[in-house]
Amino acid sequence: MSLGAATAVAITLASAASAQETKHYRFAHDQQLNSGYSVAYDIFSAKLKELSKGTMLVDQYPGAQLGQEPQILQLVKSGDIEFAVVSSANTSTISPQAGVMSLHFLFRNENHIIKALADEKVFAAIHDMIDDTAPGIHAIGLATQGFRYMYGKKEVHKVDDVRGYKVRVQATATEDTMFPAYGAQTVHMPFGSVYTSLQTGVVDFAENGMNVYLINRHYEVAPILSKTEHEANNAIVWISDKLWQSLSAEQKQWVTAAGREVSLQEPRRGFELEHVAAGKLEKMGVKIVPDVDKPGFQAIADPYLDKLAHDLGPHAEKIKTLIRAIN
């Protein structure tokens, strides 16, 4: 064999070996592109690709292609999906103490959310909570889609404006306690059913982030958004234990670092999306109500903060204490 031919064979074999080392993984979520969830994917996949020198490639499955959030969590636990980002509220379906992140008025403002999600002690407490309560799955990062607001066909200026009305909420003990405390009725349903439920009057209000409201076109059937800012719209980035156990020590370091990058970068970018969405909605003529009596809601919510965290469990109480201590 000539030297040139031998070199060509060596290059071919090396290329084949390299291709075999490259693996693709699935990353699922239930939101559209240009959402906080897709931003989390962008940050995570780019960092993991960089650290692994292209051997660990993550493919995005947005828009609930692989299921709604409770189903996605179960698929990650079973190892059928490798990575995902899911709201901390829906995480309570596998770890009820995660409902602590849905406590109303736990977070004071945008900077408080950004600092809390980047805080290593807060993440460690959430990671430990999941490892202690939800086998088969691990938390590797935190993200946000801003604050949650109420929207429907009616303006909300004060607590009395929701009294007696039906509100679609995520199925957590926190939501099922707080909205009835305001006098509202709670209704549970998958996120994908919210549009038609608002359209047909099954519910009077839904509540979510500004950008989620925009990109899912909920303004078409609920043209008034009121800035209640009652709850942070936070999420957790996941890896299946099945994949985690198969990784080398070095690969685990890469995954951990990529998850950390999400916690550090996504919250600020998530709020940037919220601000852009607000501008777009106002230009479209959507009614945004800024003058909500938040102190009125907060006066009802505050007495529940400590009690709900305590009732949820010791992990929840620790997470609440750490978050409230952040200035």
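Residues numbered from 1 in each chain as written. Predicted model: local features only at pLDDT ≥ 70, side-chain atom pairs only at ≥ 80, totals over all residues. Heavy atoms only, no water.

## Here we look at the overall build of the protein
Quick reminder of the rule: Runs of E in the DSSP output that reach at least two residues are strands. Runs of H or I that reach at least four are helices, and both are numbered from the N terminus. In this setup the radius of gyration rests on C-alpha atoms only. A globule is expected at 2.2 Å times the number of residues raised to 0.38. Burial classes: relative accessible area under 20% of the type maximum marks a residue as buried, over 50% as exposed, and values in between as partly exposed (1.4 Å probe, protein chains only). Using a 1.4 Å probe, the Shrake-Rupley method yields the accessible areas, and only the shown protein chains count as cover for residues. Charge assignment: positive for Lys and Arg, negative for Asp and Glu; neither His nor the chain ends contribute. Throughout, a charge is located at the NZ atom of Lys, the CZ atom of Arg, the CG atom of Asp or the CD atom of Glu.
Each helix and strand counted, the protein has 13 helices and 9 strands in total. A compact globule built from 327 residues should have a C-alpha radius of gyration of about 20 Å, and the protein, at 21 Å, falls within 12% of that. With respect to the three principal axes, the spread of C-alpha positions in the protein is 85 × 45 × 35 Å. The buried share of the protein, reckoned over its 327 residues, is 52%. Total accessible area computed for the protein in this model is approximately 13,700 Å², and 53% of it derives from carbon and sulfur atoms. If you average the places of the 31 positive and of the 37 negative side-chain charges in the protein, the two averages end up 2 Å apart.

## A look at the packing of helix α6 (residues 120-133) against helix α13 (residues 314-325)
This is how the line gets drawn: Axis definition: a line fitted to C-alpha atoms, over the contacting stretch in the case of helices. Angles run 0 to 180 degrees between N-to-C directions. Roughly parallel here means an angle under 35 degrees, roughly antiparallel means over 145, roughly perpendicular means 65 to 115, and every remaining angle is called oblique. The contact definition used throughout considers only heavy atoms, calling two residues in contact when any of these lie within 4.5 Å. Under this grouping Gly is polar, as are all residues other than the nonpolar Ala, Val, Leu, Ile, Met, Phe, Trp, Tyr, Cys and Pro and the charged Asp, Glu, Lys and Arg.
Closest axis-to-axis distance for the α6/α13 pair is 9 Å, and the angle between their directions is 170°. As summarised for this structure, α6 and α13 are arranged roughly antiparallel, according to the angle between their axes. Along its contact with α6, which presents Lys121, Val122, Ala125, Ile126, Asp128, Met129, Asp132 and Thr133, the element α13 presents His315, Lys318, Ile319, Leu322 and Ile323. A breakdown of the residues in the contact of α6 with α13 according to their chemical character gives 7 nonpolar, 2 polar and 4 charged.

## Thoughts on helix α2 (residues 36-51)
Each α-helix winds once per 3.6 residues, and so residues spaced three or four apart point in a common direction. What counts is decided by this rule: Take the number of residues in a helix, subtract one, and multiply by 1.5 Å to get its expected span.
A rise of 1.5 Å per residue sets the reference length of α2, with its 16 residues, at 22 Å; its end C-alpha atoms lie 23 Å apart and thus fit the reference within 8%. Gly36, Tyr37, Ser38, Val39, Ala40, Tyr41, Ile43, Phe44, Ser45 and Leu48 are the residues of α2 that are buried. The first or second residue beyond α2 is Lys53, which carries a positive phi of 55°.

## Observations regarding unusual backbone geometry
In this model, Lys53 sits at a positive phi of 55°, which is unusual for a non-glycine residue. Examined against the element boundaries, Lys53 turns out to sit in the loop between α2 and β2 (56-61). One non-glycine residue with positive phi stands out, namely Ala64, at about 60°. Topologically, Ala64 is positioned in the loop between β2 and α3 (69-78).

## Regarding the pairing of strand β4 (residues 137-152)
Using the following cut-off: Pairing between two strands is assigned when DSSP locates at least 2 bridges connecting them.
β4 sits mainly inside the fold: 16 of its 16 residues count as buried. Pairing between β4 and strand β8 (residues 224-240): 12 bridges, direction antiparallel. Following the sheet pairing, Thr144 is matched in β8 by Asn234. Pairing of β4 with strand β7 (residues 205-208), which is carried by 4 bridges, proceeds in the antiparallel orientation. Counterpart to Tyr149 in the pairing with β7 is Asn208.

## So, the nonpolar core
Formally: Nonpolar cores are built from buried Ala, Val, Leu, Ile, Met, Phe, Trp, Tyr and Cys residues. Side-chain atoms within 4.5 Å join them into one set.
The biggest cluster of nonpolar side chains holds 80 residues, and the ones touching the most others in it are Phe107, Tyr182 and Trp238. For this core, the element with the most residues is β4, which contributes 7 residues. With 26 residues, the next largest nonpolar core counts Phe27, Tyr41, Ala143 and Ala235 among its residues.

## Focus: the pattern of salt bridges
Where charged atoms from two side chains of opposite charge approach closely, those side chains can pair. We count it as follows: Salt bridges are counted wherever a side-chain nitrogen of Lys or Arg sits within 4 Å of a carboxyl oxygen of Asp or Glu.
What the rule picks out here adds up to 12 salt bridges. The partner of Lys320 in a salt bridge is Asp306, and the shortest N-O contact between them spans 2.8 Å. Here Asp306 lies in helix α12 (residues 294-312) and Lys320 lies in helix α13, a separation of 14 residues in the sequence. Judged by its relative accessible area of 7%, Lys320 falls in the buried class. A salt bridge links Arg324 to Asp306; its shortest N-O distance comes to 2.8 Å. Pair noted here: Arg324 is in helix α13 and Asp306 is in helix α12, with a separation of 18 residues, a long-range link. The structure contains a network of salt bridges with shared partners spanning Lys154, Lys158 and Asp161.

## So, the confidence of the model for the protein
What counts, and what does not: Predictor confidence is given residue by residue as pLDDT, running from a minimum of 0 to a maximum of 100.
Confidence in the prediction of the protein, expressed as mean pLDDT, is 93, and 94% of residues score 70 or more. With pLDDT under 50 throughout, residues 12-19 is counted as low confidence; its partners more than four residues away or in other chains account for 0 contacts.

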